[in-house]
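Structure assessment
Listed below are the residues making up each chain.
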Protein chains: 2
Amino acid sequence: MFDIKQYLQEQRQLVEEALRQYMLAAEGDFAAHIETMRYSLFVGGKRIRPILCLTAARCVSDEPDVDMLLLPAACALECIHTYSLIHDDLPAMDNDDLRRGQLTCHKKFGEAEAILAGDGLLTYAFELISSEQFLGLSLEVRLRLIAVLARAAGSLGMVGGQFLDIASEGKEIPFALLKTIHRSKTGALITAAVQMGAIGGGAVAAQLQALTEYGGAVGLAFQIVDDLLDVTSSSKQLGKTAGHDAGQGKATYPAFFGVEKTRALAIEAAERAVAALVGFDERANPLRALARYIVSRTN
Amino acid sequence: MFDIKQYLQEQRQLVEEALRQYMLAAEGDFAAHIETMRYSLFVGGKRIRPILCLTAARCVSDEPDVDMLLLPAACALECIHTYSLIHDDLPAMDNDDLRRGQLTCHKKFGEAEAILAGDGLLTYAFELISSEQFLGLSLEVRLRLIAVLARAAGSLGMVGGQFLDIASEGKEIPFALLKTIHRSKTGALITAAVQMGAIGGGAVAAQLQALTEYGGAVGLAFQIVDDLLDVTSSSKQLGKTAGHDAGQGKATYPAFFGVEKTRALAIEAAERAVAALVGFDERANPLRALARYIVSRTN
């Protein structure tokens, strides 16, 4: 039986080490600014997006070190994710004081500093993938990685989803809009993580398509569980404010369907993710286990 | 005699058309968000950075349409510049109500919306250069353009400079720190604009170095004149709040040197820019004229 918990722990360590290697050092003229980015980047986190990227690459490639080649891209994904949390937590957005059990970036350093920490991390993601440090992959692959990441993180993806999320607060919205919000705000970057792994690993078109389906379904499962945990967990368990969605008048899966049906929908999405991998061999077992793990996670 | 005013007008029109062609349309699920980006992008602007990029390309290339090839990169520069203005104007930063004679993005649409407009434009810049629309240049050149842009716009450049600027408000700072702020906050992106043109136009190493020097000196001249106009012009002339720097307790060239000496330093920087072009033929005349024009501008 594949031990997903041990796998995730090992992979997280690999990602942490890479982040420490690739992230700017807090020194020189900009030390104080870089410190604000490092604080949010290293305060913790499951590193799910980088892990999905590395894991997807290994499931299409026979190259044993393909994950090493992709580490800068995996780190870029985490920079983008971290920036999005910093900006989402701002007073003008979700106004959260805690994240991963610690002060949010603006509570720790100030609002202007947090806006700039986010801007810096977002920009650094693209510096990482375009830099000369990142030589193991072809120019064409690197450009495709940048294009996929920029599109998923941008106005037709994550940023657009956050806008819709904010605009929908306190309103009754149709379920179709909730789906659009989830798909763009969370789903797009998770799907991109899987796609970037696939592209970096040399996936053929049919593999890329199957992995894109997998990514979409896993992203949905992930967000449904997020909605669920916000209702069913304590702030201590989550490391951020529980009951936050209801407090902000946000539409969520539990608000539409209740807790039990929502749980069933999360499991259904995870199984759809697994089903998308039907044509893959045992190298895809970690991805299969990851999809099911995401549904069972408690924070 | 080269007519710089007419040249700038023609070039600005070229850039405006390209921006309209390449910018996302305000339609679909994300129309309201895209509208916030378009508002700030099309509210006006001198388009100096894109024009520097196109002009630098023509000064090293014999290819008559080299500027056409570089238009997406030129637009990316303007997206980055516009995002930086949106975020700088936020209440947590410079807290400005007016920009180019119109309401700033957060005054018009709200603070969360403005933060996201900035995030969207920043991300879109990288989508533009990596997208398949942008096929005229080699993969290698496109990756180099992304690397130069990301580095200049990021934590060791524009974002880091803005952090230092905010951190220095209301403090007495040494002149060396003011120089660092100017070089990173304004100079880095202007230098990158010239470098991107040079790289896209196929500059050899010595040309790239000379144009980098030109860009640094022009960036400095530009920022010194900005400082100067803030003291000597009315809000109406500027289209933004005049006397803003002093009101915010910002260090500026006039605060260090007085108005007359500051004017002399701006002219000196522009002449240093022109001197950097000594090895170039008459194709560099627009760049020479641009450096001198920047010192004489009134808004």
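What you see is a predicted model; the values in this text were computed from it and never measured. For every chain, the first residue of the written sequence is number 1, and numbering continues from 1 along that sequence. Lettering for chains starts from A, numbering for ligands starts from 1, and both go in the order in which the items are written. Residue-level local features of this predicted model are given only where pLDDT is at least 70; pairs of side-chain atoms are given and counted only at 80 or more, and the full residue set underlies all totals for whole chains, interfaces and linings. Hydrogens and water are ignored here; the side-chain numbers use all heavy atoms of the structure.

1. Focus on the overall build of chain A
- The secondary structure listing takes helices from DSSP runs of H or I that are at least 4 residues long and strands from runs of E that are at least 2 residues long, numbered from the N terminus. Broken down by element type, chain A carries 14 helices and 2 strands.
- In this treatment the radius of gyration is a C-alpha quantity, and the globule benchmark scales as 2.2 Å times the residue count to the 0.38 power. For a compact globule of 299 residues, the expected C-alpha radius of gyration is about 19 Å, and chain A comes in at 18 Å, within 12% of that figure.
- Partly exposed describes any residue whose relative accessible area lies between the buried limit of under 20% and the exposed limit of over 50%, with all areas from a 1.4 Å probe on protein chains only and scaled to the type maximum. The buried share of chain A, reckoned over its 299 residues, is 62%.
- For chain A, long-range pairs separated by at least 24 residues make up 72% of all intrachain contacts whose partners lie at least 6 apart in sequence.
- Only the protein chains shown count as cover for residues, with accessible areas throughout obtained via the Shrake-Rupley method and a probe of 1.4 Å. Surface accessibility of chain A: about 11500 Å² in total, with carbon and sulfur atoms responsible for 51%.
- Neither His nor the chain ends contribute to the count of charged residues, in which Lys and Arg are positive and Asp and Glu negative. To locate a charge, take atom NZ for lysine, CZ for arginine, CG for aspartate or CD for glutamate. Averaging the coordinates of the 29 positive side-chain charges in chain A and doing the same for the 36 negative ones gives two points 5 Å apart. Contacts were defined at the residue level, with two residues in contact if any of their heavy atoms lie within 4.5 Å.

2. A word on the relation of the copies chain B and chain A
- With an RMSD of 0.0 Å, the fit of chain B onto chain A corresponds to turning through 180 degrees and sliding 0.0 Å along the axis. What we have between these two chains is a two-fold relation. Among all residues of chain B, the one whose C-alpha sits closest to the rotation axis is Leu139 of chain B, at a distance of 3.0 Å. The least-squares superposition of copies is restricted to C-alpha atoms, and to residues with a pLDDT of at least 70 in both copies.

3. Brief notes about the interface of chain B and chain A
- Between chain B and chain A, the contact holds 46 residues from the first and 47 residues from the second.
- Put simply, buried area is the surface a 1.4 Å probe can reach on two separate parts but cannot reach once they are joined, added for both. Surface buried jointly by chain B and chain A totals about 4200 Å² across both partners, of which 78% is contributed by carbon and sulfur atoms.
- Contact with chain A buries area across many residues of chain B, yet Phe30, Leu143 and Phe163 of chain B alone supply 17% of it, more than any other trio.
- The salt bridge definition used is simple: a Lys or Arg side-chain nitrogen within 4 Å of an Asp or Glu carboxyl oxygen. The interface formed by chain B and chain A contains 2 salt bridges.
- Ionic pairing is found between Arg151 of chain A and Glu127 of chain B, a salt bridge with its closest N-O pair at 3.1 Å.
- N or O atoms closer than or at 3.5 Å make up a polar contact, with two conditions inside protein: a donor-capable atom paired with an acceptor-capable one, and, for residues adjacent in sequence, both atoms drawn from side chains. Between the two partners, chain B and chain A, sit 8 residue pairs in polar contact (both at pLDDT 80 or more).
- Listed by contribution, the elements that provide at least two residues to the side of chain B that touches chain A are α2 (31-42), α4 (66-88), α6 (111-130), α7 (139-153), α8 (158-168) and α9 (175-200) of chain B.
- Top contributing element to the side of chain B that touches chain A by residue count: α6 of chain B, with 12 residues.

4. Description of α9 of chain B
Residue and element names in this part refer to chain B.
- Under the 1.5 Å per step criterion, the end-to-end length of α9 is 35 Å for 26 residues, consistent within 8% with the ideal 38 Å.
- The axis of α9 is deflected most strongly, by about 55 degrees, at Gly187.
- α9 sits mainly inside the fold: 20 of its 26 residues count as buried.
- Just beyond α9, the residue with positive phi is Gly202, at close to 85 degrees. In a helix, the anticipated span is given by 1.5 Å times the number of residues less one. The reported bend at a residue is simply the angle between two axes, fitted to the 7 residues ending at it and to the 7 residues beginning with it.

5. What about empty space enclosed by the protein?
- Both site types are read off a 1 Å grid over the protein atoms alone. A 1.4 Å probe that fits but cannot get out defines a cavity, while an open set with protein on both sides within 12 Å along at least five of seven lines defines a pocket; lining residues have an atom within 4 Å of a point. Grid points are joined across faces, edges and corners, and a volume is the space filled by probe spheres set on the points. Inspection of every chain in the model, using the stated rule, returns 4 cavities of 30 Å³ or more.
- In this structure, the largest cavity spans a volume of roughly 100 Å³.
- Lining the largest cavity are Tyr39, Ser40, Val43, Thr82, Leu85, Ile86, Asp89, Arg99, Arg100, Leu103, Thr104 and Cys105 of chain B.
- Counting residues per element, the ones that place at least two in the lining of the largest cavity are α2 and α4 of chain B.
- By residue number, the principal contributor to the lining of the largest cavity is α4 of chain B, which donates 3 residues.
- Considering only enclosed or pocket space, the second largest cavity measures out at about 80 Å³ in volume.
- If you go around the second largest cavity, you meet 13 residues; those closest to its centre are Ser40, Val43, Ile86, Arg99 and Cys105 of chain A.
- Elements that contribute at least two residues to the lining of the second largest cavity include exactly α2 (31-42), α4 (66-88) and β2 (102-103) of chain A.
- If one sorts the elements of the lining of the second largest cavity by residue count, α4 of chain A sits on top with 3 residues.
- In this classification, Asp, Glu, Lys and Arg are treated as charged, Ala, Val, Leu, Ile, Met, Phe, Trp, Tyr, Cys and Pro as nonpolar, and every other residue, Gly included, as polar. Broken down by class, the residue content of the lining of the second largest cavity amounts to 6 nonpolar, 4 polar and 3 charged.

6. Quick look at the packing of helix α10 (residues 205-232) of chain A against helix α14 (residues 285-296) of chain A
Residues and elements named next belong to chain A.
- Lines fitted to the C-alpha atoms define the axes, with helices restricted to the stretch that makes contact. Angles between their N-to-C directions range from 0 to 180 degrees. The contact between α10 and α14 brings their axes to 8 Å, and the two run at 20 degrees. By the criterion of interaxial angle, the relationship of α10 to α14 is roughly parallel. Remark: the crossing between α10 and α14 carries left-handed chirality. Contact residues: Leu211, Tyr214, Val218, Ala221, Phe222 and Val225 in α10; Leu287, Leu290, Ala291, Ile294 and Val295 in α14.
- Classifying every residue of the contact of α10 with α14 gives 11 nonpolar, no polar and no charged. By definition in this entry, angles of less than 35 degrees are roughly parallel, angles greater than 145 are roughly antiparallel, angles of 65 to 115 are roughly perpendicular, and the rest are oblique. The handedness criterion is simple: a crossing whose near helix is rotated anticlockwise from the far helix by less than a right angle is left-handed, and one whose near helix is rotated clockwise is right-handed.

7. Here's the deal with the environment of Glu111 of chain B
- Structurally, Glu111 of chain B is set in helix α6.
- If sequence neighbours within four positions are ignored, Glu111 of chain B has contacts with Ala92 and Glu111 of chain A together with Leu90, Pro91 and His106 of chain B.

8. A closer look at the packing of aromatic side chains
Residues and elements named next belong to chain A.
- Here is the rule: rings of Phe, Tyr and Trp (six-membered ring for Trp) pair when centre to centre is within 6.5 Å. Planes less than 30 degrees apart are stacked, more than 60 are edge-to-face, and the remainder are tilted. Following the criterion strictly, the structure yields 15 aromatic pairs over all chains and no others.
- Centre to centre, the rings of Phe2 and Tyr7 are 5.3 Å apart; their planes meet at 55 degrees, and the pair counts as tilted.
- Given a relative accessible area of 32%, Phe2 falls into the partly exposed group.
- Overall, the relative accessible area of 9% leaves Tyr7 in the buried class.
- Between Phe175 and Phe257 the ring centres are 5.1 Å apart and the planes differ by 85 degrees, which places this aromatic pair in the edge-to-face class.

9. Topic: unusual backbone geometry
Residue and element names in this part refer to chain B.
- Of note, the phi angle at Arg47 is positive, near 60 degrees, even though the residue is not glycine.
- Position of Arg47 relative to the elements: it lies in the loop between α2 and α3 (48-60).
- Even without being glycine, Arg100 reaches a positive phi, approximately 55 degrees.
- Take Arg100: it is sitting in the loop between β1 (98-99) and β2 (102-103).
- Owing to a relative accessible area of 24%, Arg100 belongs among the partly exposed residues under this scheme.

10. Here we look at the pattern of salt bridges
All names here are of chain A.
- Evaluated as defined, the whole model comprises 32 salt bridges over all chains.
- Between Asp165 and Lys185 there is a salt bridge, with the nearest N and O atoms lying 2.8 Å from each other. Taken together, the residues span a long stretch of sequence, with Asp165 in helix α8 (residues 158-168) and Lys185 in helix α9 (residues 175-200) at a distance of 20 residues.
- When its relative accessible area of 9% is taken as the criterion, Asp165 is described as buried.

11. Observations regarding the environment of Gln207 of chain A
Residues and elements named next belong to chain A.
- Note on placement: Gln207 falls in helix α10.
- Residue classification places Gln207 among the partly exposed residues on the basis of a relative accessible area of 21%.
- As for Gln207 and Ser235, which are separated by 28 residues in sequence, their C-alpha atoms are 40 Å apart.
- Apart from the residues lying within four places of it in its own chain, the contact partners of Gln207 are Val60, Gly202 and Phe280.
- In this structure the side chain of Gln207 is engaged in a polar contact, spanning 2.9 Å, whose partner is the backbone nitrogen of Val204.

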